[in-house]
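# Coordinate inspection notes
These are the residues of each chain, in order.
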Amino acid sequence: MSDKITCVIAEDEQLFRDALTDLLKTEWPELEIVAACDDGGAALDTIGEMKPKVAFLDIRMPGLTGLEVAAAMEGASPDTHVVFVTAYDKYALDAFDQGAVDYL
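Residues numbered from 1 in each chain as written. Predicted model: local features only at pLDDT ≥ 70, side-chain atom pairs only at ≥ 80, totals over all residues. Heavy atoms only, no water.

### Examining the overall build of the protein
Across its full length, the protein carries 4 helices and 5 strands. Listing each helix as α and each strand as β along the protein from the N terminus yields β-α-β-α-β-α-β-α-β. When contacts within the protein are restricted to residue pairs at least 6 apart in sequence, long-range pairs at least 24 apart make up 62% of them. Total accessible area on the protein stands at roughly 6000 Å², and carbon and sulfur atoms take up 53% of it. (Helix = DSSP H or I, 4+ residues; strand = E, 2+ residues; numbered from the N terminus. Contact = heavy atoms within 4.5 Å. Areas by Shrake-Rupley, 256 points an atom, 1.4 Å probe, with all protein chains shown as cover.)

Dropping the structure here:
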């Protein structure tokens with residue numbers, strides 16, 4: 001098993017998805033971004049398949065929300081750590097209830 005830290009990014013806004021990708025590459029060069037998804041359903045499928053160490057999830061996405069993806073990940077990829085990335089601070093408590101390790 002690889003010690004490489006992998007992640008999936010789920011953000012429906014292309015501009016924000018690209019900015020987060022660039023920021024992570026700069027600030028955490030050891031991190032391997034294995035996929036970037038633009039909706040919750042694709043994110044859940046990808047996380048279930050890739051089993052990344054970390055999932056960066058937007059809260060509000062088409063299809064499944066980030067909170068719904070996090071709740072469903074318990075069965076799909078229980079060892080994946082969730083970091084919510086959103087402009088909406090009103091979801092912070094719900095995010096931590098879903099096991100988020102951070103909320104940006």
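More follows now that the structure is in view.
### Section: the nonpolar core
Residues Ile47, Leu57, Val69, Met73, Val82 and Phe84 are the most contacted members of the largest nonpolar core, which totals 17 residues. Those elements that provide at least two residues to this core are strand S1 (6-10), strand S2 (32-37), helix H2 (40-50), strand S3 (54-57), helix H3 (66-76) and strand S4 (81-84). Residues contacting Leu57, with those up to four places away along its chain left out, are Ala10, Ile47, Gly66, Val69, Ala70, Met73, Val82, Val83, Phe84 and Val85. Counting 9 residues, the second largest nonpolar core, distinct from the first, contains Ile9, Leu24, Val54 and Phe56. (Core = buried A, V, L, I, M, F, W, Y, C linked by side-chain atoms within 4.5 Å. Buried < 20%, exposed > 50% of the residue type's maximum accessible area, 1.4 Å probe, protein only.)

### Re helix H1 (residues 14-27)
For H1, spanning 14 residues, the distance from its first C-alpha to its last is 20 Å, which sits close to the expected 20 Å at 1.5 Å a residue. Taken together, the buried positions of H1 are occupied by Arg17, Leu20, Thr21 and Leu24. The arc that holds every buried residue of H1, seen down its axis, measures 100°, which confines them to one face. Projecting away from the buried face of H1 at angles above 90 degrees are the exposed residues Leu15, Thr26 and Glu27. Next to the buried residues of H1 lie S1, S2 and S3. (Expected span 1.5 Å × (residues − 1). Arc of directions from axis to C-beta.)

### Looking at H3
Turning to H3, its buried residues are Gly66, Leu67, Val69, Ala70 and Met73. Around the axis of H3, the buried residues are gathered within 160° of arc, so they sit on the same side. Across from the buried face of H3, at angles greater than 90 degrees, the exposed residues are Glu74 and Gly75.

### Some details on the pairing of S3
By the alternation rule, side chains of S3 split into Val54 and Phe56 and Ala55 and Leu57, which are all buried. With 4 bridges joining them, S1 and S3 adopt parallel strand pairing. Of the residues in S3, the one forming a bridge with Ala10 is Leu57. As judged from the 4 bridges shared by S3 and S4, these two strands associate in the parallel manner. What sits directly across from Ala55, in S4, is Val82. You can see the chain leave S3, run along H3 and come back into S4, and the turn it takes is right-handed. (Pairing = 2+ DSSP bridges. Right-handed = clockwise from strand over helix to strand, strands pointing away.)

### With respect to the environment of Ala71
By the element assignment, Ala71 lies in helix H3. By relative accessible area, which is 35% here, Ala71 ends up partly exposed. The spatial distance from the C-alpha of Ala71 to the C-alpha of Leu44 is 10.0 Å, given a sequence separation of 27 residues.

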